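# A closer look at the structure
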There are 2 protein chains.
Amino acid sequence: MKKKRPTLQDVADLVGVTKMTVSRYLKNADLVSSPLQIRIREALDTLGYIPNRAPDILSNSKSHAIGVLLPSLTNQVFSEVIRGVEGVFEPAGYQTMLAHYGYSRESEEARIATLLSYNVDGLIISESFHTDRVRKMLEVAGVPVIEIMDSVSPPIEQAIGIDNEAAAYAMTHFMIEKGHRKVVYFAARMDERTLLKIKGYERAMQDQGLTPLCVKTTSASSFTLGATFLEEVLKQQPDTDGIFCTNDDLAIGALYACQKAGIKVPEQIGIAGFHGHDISRAMVPLLATVITPREEIGRLAAEHLLSRLQGNPIQQRVIDLPFKIEAGESL
Amino acid sequence: MKKKRPTLQDVADLVGVTKMTVSRYLKNADLVSSPLQIRIREALDTLGYIPNRAPDILSNSKSHAIGVLLPSLTNQVFSEVIRGVEGVFEPAGYQTMLAHYGYSRESEEARIATLLSYNVDGLIISESFHTDRVRKMLEVAGVPVIEIMDSVSPPIEQAIGIDNEAAAYAMTHFMIEKGHRKVVYFAARMDERTLLKIKGYERAMQDQGLTPLCVKTTSASSFTLGATFLEEVLKQQPDTDGIFCTNDDLAIGALYACQKAGIKVPEQIGIAGFHGHDISRAMVPLLATVITPREEIGRLAAEHLLSRLQGNPIQQRVIDLPFKIEAGESL
DNA sequence: CATATTATTGTTACACGTAACATTAACATA
DNA sequence: TATGTTAATGTTACGTGTAACAATAATATG
């Protein structure tokens, strides 16, 4: 009953040639004679032929699809990474298959297997620690892989990102320079990058003889969470005079909570975030934050992957991109 | 040189059975004898076998992949839609292929063709107007299609969304009720949904005997744009006492600009946004906005698509979800 | 013990576009 | 006219997992 969609053979039959001739037309119209070009074009139109990549993928395993595996698709950070990736791959004629693993290693394994089962030509993934099973899969699959977000070393093949630990160290140091002493760190999610940032923060505090203090949760960050954390800290450590948050969301939440509570920022408490989203750079007061090159990470990852798909060798194993300390008005 | 990744045949050879037996094991381990189960498991492990969906897609054209086509992948609205979709399809064992078309119809055609060339089992798309070519493609492909975002009528098959025009009408009406008379509309992008909202706004103004005024641009919205628009309007229409923005970004940008310029919100100017993102519901003052069920749209679209993939008929052609007027503190 | 039944594994064919090679037709040149 | 060259189209084979059917072995039943 449900007629299947037309194949090349159907088109060829309508024209009265073999499917190979139609295939040639599709690849490059000038490979067939001009009268045939017209008739084939008409037949394609009449039947509404839609190309089918499956047989080609099967016989030469080039899918022209690349897999992008991220912890989350909603987090704004990763949205911007995706924009960077798509900006390169879409014009290059590659289809991106996005997957997310919700920060779970098990899920990461399953997602990579799925992407590979669709014969993606390359992978962009976003953690630097991987289980042995994942490493084996990537090796066996033999597709180029790029790890993004942290400039981790040594990478499986190639890594592109920032030095999260150094970035957190720098911002903490900057806050101390600005006169904040009792600086508390607000952490959420507790993923790999957050752990690195905590390390940087703690090191910076200790280097100045100060005592680090971390408020943590494994759940996702949000504006509300920033506010909740602030209340908690003010209750337990009323002399806190600085808050460094693992991302802008927490920072903005904390800042609004201060405004509501009548606490002056930055006079009474200095607040800093991480990433430098648009909102942080438009709000009043401007948020102090670490500006990270999220879109560029995506763009570069895609460009390097593309280069390797074109047969070029790895150019640079680790690409460490610069971050920037934005002073804002909240410190 | 580059050893290709192992096939079922390689695994079968190692065990000393036919690939059919291994295929059975993969589908349901109990279909093969227990001693074989162990040996197959070992062989799979040794070789690091990765399933290959291509042949199956080719022979029965069920890919267990669904295509999601959105105007933009970075816009927070669509991020949340994606979350809703993935929340359903991921546990159901479907891989989503995301694509975006940057609000261009040409690109929409190309992207749909690409998704179909990978034999997606179903499509979620996000415009209600489509070219004839697109309609033909969808018809020929014979896969279930769901249109999301606006509760448009009549849909190709099924549409899920909100009534954008009614929502804009309701908010405009609410602003007028609150005493704002010279309400200006800030529009960006000028996509289908924005046009509907403008229509609702204009109708509401006219119904109250007021003159609608729209500030427009085809470029993307941003916080900065909201600020720019505000300056412009204050120069040209200094007696403006209300601003209704096509999304929260513009509204927040305008609100911050007011704060910087010393204009009191809502006393001098009332400001309203659209969508009700987290930030709008956390900021000071709370933004008046239309709360839209973005994630639910994604979730419902996925659930209905899944139901149809399981062979069920269309249950309801148009699903019109409720929006909510959030009064906030900015009106 | 013979036949029926079930459990387990094997065989064959298929999906469809394209690379590689083969053929035919058309034209040019000596 | 015979041979060489090019242009245009055709033929064949291939990739890999699985449905459908076939065959065999093992067990049960009368």
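Residues numbered from 1 in each chain as written. Chains lettered and ligands numbered in written order. Predicted model: local features only at pLDDT ≥ 70, side-chain atom pairs only at ≥ 80, totals over all residues. Heavy atoms only, no water.

Helix and strand content of chain A: 12 helices and 12 strands. Over its C-alpha trace chain A gives a radius of gyration of 26 Å, far above what one expects of a compact globule, namely 20 Å for 331 residues. The principal-axis extent of the C-alpha atoms belonging to chain A is close to 85 × 40 × 35 Å. For chain A, with 331 residues in total, the buried portion stands at 56%. Here the analysis covers contacts within chain A between residues at least 6 apart in sequence; of these, 70% occur between residues at least 24 apart. A total accessible area of about 14,100 Å² is found for chain A, and carbon and sulfur atoms account for 50% of it. (Helix = DSSP H or I, 4+ residues; strand = E, 2+ residues; numbered from the N terminus. Rg over C-alpha atoms; globule rule 2.2 N^0.38 Å. Buried < 20%, exposed > 50% of the residue type's maximum accessible area, 1.4 Å probe, protein only. Contact = heavy atoms within 4.5 Å. Areas by Shrake-Rupley, 256 points an atom, 1.4 Å probe, with all protein chains shown as cover.)

This brings us to the sheet that holds strand β8 (residues 242-245) of chain A. Residue and element names in this part refer to chain A. The strand order β7-β6-β8-β9-β10-β12 describes an open sheet built from 6 strands, whose pairing is mixed. Every other strand in the sheet has two partners, leaving β7 (213-216) and β12 (324-326) as the edge strands with one partner each. Neighbour-to-neighbour, the strand axes of the sheet open up by a mean angle of 20°, direction not taken into account. Packed onto the sheet, helix α11 (residues 248-261) meets β6 (183-187), β8, β9 (270-275) and β10 (288-291) and runs at close to 155° relative to β9. (Pairing = 2+ DSSP bridges. Axes fitted to C-alpha atoms, helices over the stretch in contact; angles between N-to-C directions.)

With that settled, consider the sheet that holds strand β12 (residues 324-326) of chain B. All names here are of chain B. The mixed open sheet is built from 6 strands, whose spatial order is β7-β6-β8-β9-β10-β12. What marks the edges here is a single partner per strand, and that holds for β7 (213-215) and β12. When the angles between neighbouring strand axes are averaged without regard to direction, this sheet yields 20°. Here strand β6 (residues 183-186) pairs with β7 via 3 bridges, running parallel. Pairing of Val-184 across the sheet is with Leu-213, part of β7. Across the face of the sheet, helix α11 (residues 248-261) comes into contact with β6, β8 (242-245), β9 (270-275) and β10 (288-291) while running at roughly 155° to β9.

Attention shifts here to the protein's contact with DNA strand D. The local shell around DNA strand D holds 24 residues, among which Thr-21 and Arg-24 of chain A together with Leu-8, Ser-23 and Pro-55 of chain B are the closest. Within the contact set of DNA strand D, a base nitrogen lies 3.2 Å away from a backbone nitrogen or oxygen of Pro-55 of chain A. Leu-8 of chain B has a polar backbone atom sitting 2.7 Å from a phosphate oxygen of DNA strand D. Of all the secondary structure elements, the ones that give two or more residues to the surface near DNA strand D are α2 (19-27) and α4 (54-60) of chain A together with α2 (19-27) and α4 (54-60) of chain B. Counting residues per element, the surface near DNA strand D draws most heavily on α2 of chain B, which supplies 5 residues. Here the residues of the surface near DNA strand D sort into 10 nonpolar, 8 polar and 6 charged. (Near = heavy atom within 4 Å. Polar contact = N/O pair within 3.5 Å; in protein donor to acceptor, adjacent residues only side chain to side chain. Nonpolar A, V, L, I, M, F, W, Y, C, P; charged D, E, K, R; others polar.)

Here the UniProt-annotated "domain: HTH lacI-type" (unreviewed entry) positions come out as residues 6-60 of chain A. In residues 6-60 of chain A, helix accounts for 69% and strand for 0%; the two terminal C-alpha atoms are 22 Å from one another. (UniProt positions renumbered as here; feature names shortened; annotations may be inferred.)

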